[in-house]
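Architecture and fold: a report
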Amino acid sequence: MSRLVCVSNRISLPRKSAAPGGLAVGVLSALKRTGGLWFGWGGDTIGHEPGDPDQLIRDGVTYATIDLRTRDFELYYNGYSNQMLWPLFHYFLRGMRYSVEERDAYESVNRLFAQKLLPLLQERDLIWVHDYHLIPLGRQLREAGVRRPLGFFLHIPFPNIEMLRVLPTYAELLRDLTHYDVVGFQTQNDLKAFYSGIEHLFGAEAIRSDGRIRVGDRVLRADVFPIGVDVASVQNEAVEAMSSDVVRRMYDSLMGRHLMVGVDRLDYSKGLPERFSAYQHFLETYPENSGRITYLQIAPLSRSDVKAYVEIRQALEQAAGRTNGRFADTDWTPIRYLNRNFPHSTLMGLLRSAHVGIVTPLRDGMNLVAKEFVAAQNADDPGVLVLSTLAGAARELNSALLVNPYDSRAVGHAIQAALSMPLPERRERHAAMLQTLKRNDIASWSRRFVEALEKADGTDTRVRAIGNGS
Ligand SMILES: O=P(O)(O)OC[C@H]1O[C@H](O[C@H]2O[C@H](CO)[C@@H](O)[C@H](O)[C@H]2O)[C@H](O)[C@@H](O)[C@@H]1O
Ligand SMILES: O=c1ccn([C@@H]2O[C@H](COP(=O)(O)OP(=O)(O)O)[C@@H](O)[C@H]2O)c(=O)[nH]1
């Protein structure tokens, strides 16, 4: 029997409320199914010298955390990961900057992760590395002698070679990815973009007719593994949260108005200023909605030390203030804008209470909130999802009202269409999306990826599954 080892920059410890990020939600669900080890940065402390990992065991999952030095946090996390790779991979060249010092810190923090992880590894482990912070980790582990199957999953979009080439070290990045046995992406588009890079660097002959990639004596599998949600658990959370104090108070405060909800980390890729403009456009074009709709935007702060995130925060405060200043009445506030995070279960209740779920990122790897909105609905009287075509989730949720997030007029129209959609159409769209979500849920995401890793191993290494989840 093998053990699953997940590695990610940030991990979500069970004693804390879940970190507001899809990666943490997804990895935790995967590990709860199979058991295993989750290794990474504890997520909220910096400044300590990284020693031996702290370990905590809960329900078959071992959480092993290390600290990050302040300088590493600055250069590796705020710098290279979030001011170079994040904007580049989301096609925002404007917010991007390259620094050799940050690139070196990225490399050395990956080496630190490899060094601290190595003593925890066991003979039959399957190792699954997550996301852009840790691309070089596979090579580092190979250099340290690890021969076990190594998988990598990218939670964010992968840029086409014409965009990737902007990165001075794009060739190293592509080469690093070839040290894994399985490389997974959210969508077919991301996979195609990866192939464009492989072809550019190694020639078309590196891509075999079965889609596998051959580089030197290594053959790897690249494929699409769209992350999903635990539909039953979201539904249960949502139903239970409806009677919680927070959701009831919010519901009562609506006084019968329609509710539109958005939930996004405060990140420029989520398209919040454009969404606020679209809402303003909607209020101007359809004035009959004045006083009859409340837009609740939950936007927990994220990466607050990075300049672009400070700027977006200021811009949004002003935009929300402008809309409320212009349209509010003595008994009505058009936008309720909250910079705080909520427990996952409470959020599911808020999503269930909404007539409209608004998810309009300018670019997003997947967007789990879009999937959770659908899963949380009452199937007899479901709300309507307005979804950006530029979110990975749009590939599967094609019965949502799909919009271009830059087109504020179209988004405004979609909000109006959502509010006036007849019940039979709402049910039909919701049923189609729910079926897709059930077919491709979080368990099938992790099962498919782990099976691909097992095949890479070639021996009987099947991962132990806890309970009867799989
Ligand atoms: O850890 P942070 O810097 O606070 O950021 C939170 C996470 O954001 C990103 O999430 C991505 O993964 C989701 C699940 O696959 C996906 O739905 C979403 O589109 C992505 O943006 C980031 O990729 C994670 O590494 C962060 O932990
Ligand atoms: O206050 C919050 C805000 C978000 N989330 C969760 O964080 C995840 C966000 O994932 P998504 O893929 O939508 O975006 P990301 O933040 O990872 O880019 C979803 O599961 C949300 O339900 C949460 O639990 N509490």
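Residues numbered from 1 in each chain as written. Chains lettered and ligands numbered in written order. Predicted model: local features only at pLDDT ≥ 70, side-chain atom pairs only at ≥ 80, totals over all residues.

In the nomenclature of an unreviewed UniProt entry, the protein chain corresponds to Trehalose-6-phosphate synthase from the organism Povalibacter uvarum. Per its UniProt entry, the protein chain bears the Subunit (unreviewed entry) comment "Homotetramer." On record in UniProt, under Catalytic activity (unreviewed entry), the comment for the protein chain is "D-glucose 6-phosphate + UDP-alpha-D-glucose = alpha,alpha-trehalose 6-phosphate + UDP + H(+)". (UniProt positions renumbered as here; feature names shortened; annotations may be inferred.)

On to the environment of Ala 64, then. Secondary-structure assignment places Ala 64 in strand 4 (residues 61-68). Ala 64 gets classed as buried once you count the C-beta atoms within 10 Å, which come to 21. With 137 residues separating them in the primary sequence, Ala 64 and Leu 201 have C-alpha atoms 36 Å apart. (Helix = DSSP H or I, 4+ residues; strand = E, 2+ residues; numbered from the N terminus. Buried ≥ 20, exposed ≤ 12 C-beta atoms within 10 Å, placed from the backbone.)

With 14 residues, helix 10 (residues 272-285) extends 20 Å from end C-alpha to end C-alpha; this agrees with the ideal 20 Å at 1.5 Å per step. At its buried positions, helix 10 is contacted by strand 10 (258-263), strand 11 (293-298), helix 11 (307-327), strand 12 (335-338), strand 13 (356-359) and helix 14 (408-419). (Expected span 1.5 Å × (residues − 1). Contact = placed C-beta atoms within 7 Å.)

Read from one edge to the other, the open sheet built from 6 strands follows the order 12-11-10-13-14-15, with strand pairing classed as parallel. Each edge of the open sheet is held by one strand with a lone partner, namely strand 12 and strand 15 (401-403). Pairwise comparison of adjacent strand axes, ignoring direction, gives a mean angle of 20° for this sheet. Bridge analysis of strand 10 against strand 13 gives 2 bridges, and the strand direction is parallel. Bridge pairing in strand 13 places Val 261 opposite Gly 357. (Pairing = 2+ DSSP bridges. Axes fitted to C-alpha atoms, helices over the stretch in contact; angles between N-to-C directions.)

In the region of ligand 1, 17 residues are neighbours, and Gly 21, Gly 22, His 155, Gly 365 and Met 366 sit closest. In terms of residue count, helix 1 (residues 22-34) provides more of the shell around ligand 1 than any other element does, 4 residues in total. Its residues assigned to classes, the shell around ligand 1 comprises 6 nonpolar, 7 polar and 4 charged. Split by domain, the residues of the shell around ligand 1 number at least three in each of domain 1 (3-228 + 442-457) and domain 2 (231-439). (Near = placed C-beta within 6 Å. Nonpolar A, V, L, I, M, F, W, Y, C, P; charged D, E, K, R; others polar. Domains from an automatic or database assignment.)

Helix 13 (residues 368-376) packs onto helix 8 (residues 231-241) with a crossing angle of 65° between their chain directions and a minimal axis gap of 8 Å. In terms of their interaxial angle, helix 8 and helix 13 are classed as roughly perpendicular. Crossing handedness for the pair helix 8 and helix 13: right-handed. Where helix 8 abuts helix 13, its residues Val 231, Val 234, Gln 235 and Ala 238 lie against Glu 372, Ala 375 and Ala 376. Residue composition of the contact of helix 8 with helix 13, by class: 5 nonpolar, 1 polar and 1 charged. (Parallel < 35°, antiparallel > 145°, perpendicular 65-115°, else oblique. Left-handed = near helix turned anticlockwise from the far one by under 90°.)

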